[in-house]
Each structure stands twice: as C-alpha cells, then as structure tokens.
Amino acid sequence: MTPEKINGILGDEAQDLLTYKCTKVPKERLHLPSADFLDKHFVFSNRTPQTLRSLAQLYGAGRLGRTGYVSILPIDQGIEHSGGASFAANPMYFDPENIVRLAIEGGCNGVATTYGGLALMSRKYAHKIPFIVKINHNELLTYPNSYEQIMFGTVRDAWNLGAVAVGATIYFGSSDARRQITEVAAAFEEAHSLGMATILWCYLRNDAFKTGGKDYHISADLTGQANHLGVTIQADIIKQKLPENNGGYKALNMGNSSYGKLDERMYTDLATDHPIDLCRYQVLNCYSGRIGLINSGGASSGAGDLKEAVKTAVINKRAGGMGLISGRKAFQRPFEEGVSLLHTIQDVYLSKDIDIA
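What you are looking at is a predicted structure, and each value in this text was computed from that prediction instead of being measured.

### Some remarks on the pairing of strand β1 (residues 70-74)
At step 1: Counting buried positions along β1 yields 5 of 5 residues, so the element is predominantly enclosed.
At step 2: Going residue by residue along β1, you find Val70, Ile72 and Pro74 tucked away on one face and Ser71 and Leu73 tucked away on the opposite face as well.
At step 3: As paired strands, β1 and strand β12 (residues 323-325) are joined by 3 bridges and run parallel to one another. When the sheet's bridge partners are listed, Ser71 is paired in β12 with Leu324.
At step 4: The pairing of β1 with strand β2 (residues 110-113) spans 3 bridges and is parallel.

### As for helix α11 (residues 220-232)
At step 1: With 13 residues, α11 extends 18 Å between its outermost C-alpha atoms, agreeing within 8% with the 18 Å of an ideal straight helix rising 1.5 Å per residue.
At step 2: When we look at burial in α11, the residues that qualify are Ala220, Asp221, Leu222, Thr223, Gly224, Ala226, Asn227, Gly230 and Val231.
At step 3: Positive backbone phi, at 75°, marks Gln234, one or two positions downstream of α11.

### Focus: the pattern of salt bridges
At step 1: Scanning all chains against the criterion turns up 15 salt bridges.
At step 2: A salt bridge links Arg47 to Asp236; the nearest nitrogen and oxygen atoms lie 2.7 Å apart. Of the two residues, Arg47 is situated in the loop between α3 (37-41) and α4 (49-60) and Asp236 in the loop between α11 and β10 (237-240); the sequence distance between them amounts to 189 residues.
At step 3: Here Arg47 falls in the buried class, since its relative accessible area comes to 11%.
At step 4: Relative accessible area serves as the criterion here: at 0%, Asp236 is assigned to the buried category.
At step 5: In this structure, the salt-bridge partner of Glu183 is Arg179, at a minimum N-O distance of 2.9 Å. With Glu183 and Arg179 both in helix α10 (residues 177-194) and 4 residues apart, the pair spans about one turn of that helix.
At step 6: Using a relative accessible area of 28% as the deciding quantity, one classes Glu183 as partly exposed.
At step 7: For Arg179, a relative accessible area of 30% corresponds to the partly exposed category.
At step 8: By sharing partners, the salt bridges in this structure join Glu13, Lys307 and Lys311 into a single network.

Procedures and definitions
- Residues numbered from 1 in each chain as written.
- Predicted model: local features only at pLDDT ≥ 70, side-chain atom pairs only at ≥ 80, totals over all residues.
- Heavy atoms only, no water.
- Buried < 20%, exposed > 50% of the residue type's maximum accessible area, 1.4 Å probe, protein only.
- Helix = DSSP H or I, 4+ residues; strand = E, 2+ residues; numbered from the N terminus.
- Pairing = 2+ DSSP bridges.
- Expected span 1.5 Å × (residues − 1).
- Salt bridge = Lys/Arg side-chain N within 4 Å of Asp/Glu carboxyl O.

Here it is in structure tokens:
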C-alpha cells in the first residue's frame, strides 16, 4: 500500500496518526514485533518445543508470515453476538467453510473458530491454515443476559482436531471473573503441556464501568490492567479492545467508593490522551511487549469500515502492537470485499513507511 493510499483512507486524521511521536513511553523501552520475536522472547521461557512450533506456525502463515505481526479472522460471533445478528448481513457465513475460505483468501495467519466449526473443517483445512479454537463463550440465551464465559469443550479435543492454539475470554471486573480466571488459567496450562499456543481475550464487563457519561470498558488504565492479568496467566498473545479514553480508576473512585489502586503518574508520565499513547499503555502492560498485543477490529458500521480498520491498524502498529483480529468488518460484506479489507489491514503492517511512534 502506498503512503498516498493510506493518507487518502485516513483523510484529515492522516497527519496526526502517521507522524505522532510517543515521548511518555519511548519505543526503546518496548520489545517490538520482529521476524525473530520467538527467538528473542519465548525460546528461554517455559514454553515447550511443541508450543514454540505451534507459535511458529501461527507467526509464519499468511501474508504477514515471518514479520512478527499477525492478522486473525475470528468467528466466535455466532455465539457471542448470536448467529442471526452476526450473519444476517451475509448468510453464506452460517456455513463455517466460507469463514475458513475467507481467512485463507484474506491472507490471515490463522482463523479463530468454534469447536463445532473446527470439528467439521479441520480434516479438510487444518494443514492449510492454523486453527485457533475459542474454548469458552458467553451464550446469549440465558435471561437476563449475564457476563459468564463457560467452556464449550475440552482442550484435548481441540488438540486432537489439529488446532495450533486455543483462545479464551475472561470478563475481568465481572462478578464471575474469579471462576473464569481460575478455569482459563488451568486450560492454558493444559494447552501448553500439549504443545498449543494460547490467546486471551482480556475484556472488561461491569455495569459500574459506565459512569459519568463515559464507558470505561475501553479506558487505557483498566484495559491495561486486564492485559497485565492476562500475561500473568501465561497467555502467549493478548487480545484487547482499542482504548478510547482513560481514567477508569479515577472515575470509579469518585464519592465514597474505593476501587483498585492507582498512581497519578499512570496518567501524567505514562500516557497522554493521544490514541497511540493510550494503546502504548496497553502494550506496556503486556510485559513491555514481550507478549504481543492484538487489538479488536470492532463492529461493522458499513461504509466507514475501511477507514476504521486502517486507523485501528495504524494505531496498534505505531503503538508497538502485534496486529489485529478482525471479523465483522470482513464477513459482514461480500466475499471479495472482505478479502480486500483484510489485505488492506495487512498492508499497514507490511508498509515500511508506517513506523513505530
């Protein structure tokens, strides 16, 4: 992708996003994605040779293969957001084979699928693209809806079906978080013992996190701490929503409430309000980038999807992140358009003109 095309897509935000330099947490303080990222940060860890091989398969596949960056297509939305809500825009994706085809044609490093999708597709495709099995989900038929991620299968079954990695979500901050942390930590330990890599969706869920007219589920300080908990239970890659604000701890400590711990330097010395700085704080909490951060591609809004996808990729890359996991923006549109959108995201990471801020 040429610099002119990127500028054209970003429009009046291009100058700010492409030229901004981080001074609060300089790039020299981070461990950045690179072709030898595994050799630098995992070879001397407790990950087994089989797990290193699985990570190498994931890092080595697709258009971003051997760059240190990853592009993943997820398809757990049929459960997390309901099949109808996810696929009504493009019913061909009720068939899981079309999702796998989109990931392959889209040049992705891997496809994050459900147990059911893996069970039907692994024999045909497991040797063609790395499979990541999402092992837990928040099913949306319980009334009222709750924030409980529950296991939908076993790690060993995912291994038997040829998955190179397992993915899981923890709703940090929810009333059910302690069970989820314990359950996912045990599952990740088993996955590593079997030689699989692990990816953790480090999401926040609590009605109290929406206060004062702001949604602090996407604040840098709270999502950063969720990331720090995620790397503590030995996730190999962290997935997080792109931060859009900061000060969640402060907001939740207003009045007579007492929540968490904070240091004012989190906001003055380690971040500004610039989106790249906010994302960099997330990277910092992933052991200074030793564990890669991938951000969520977010919901599809239609005509603005391409700009939003490129903007998110630019922010993630320039902050020191490792890539994007993008689903709805890709599969809620015609197949060829989805392929093109995924390629455009990947072009941001392949571009030598977009550097680390």
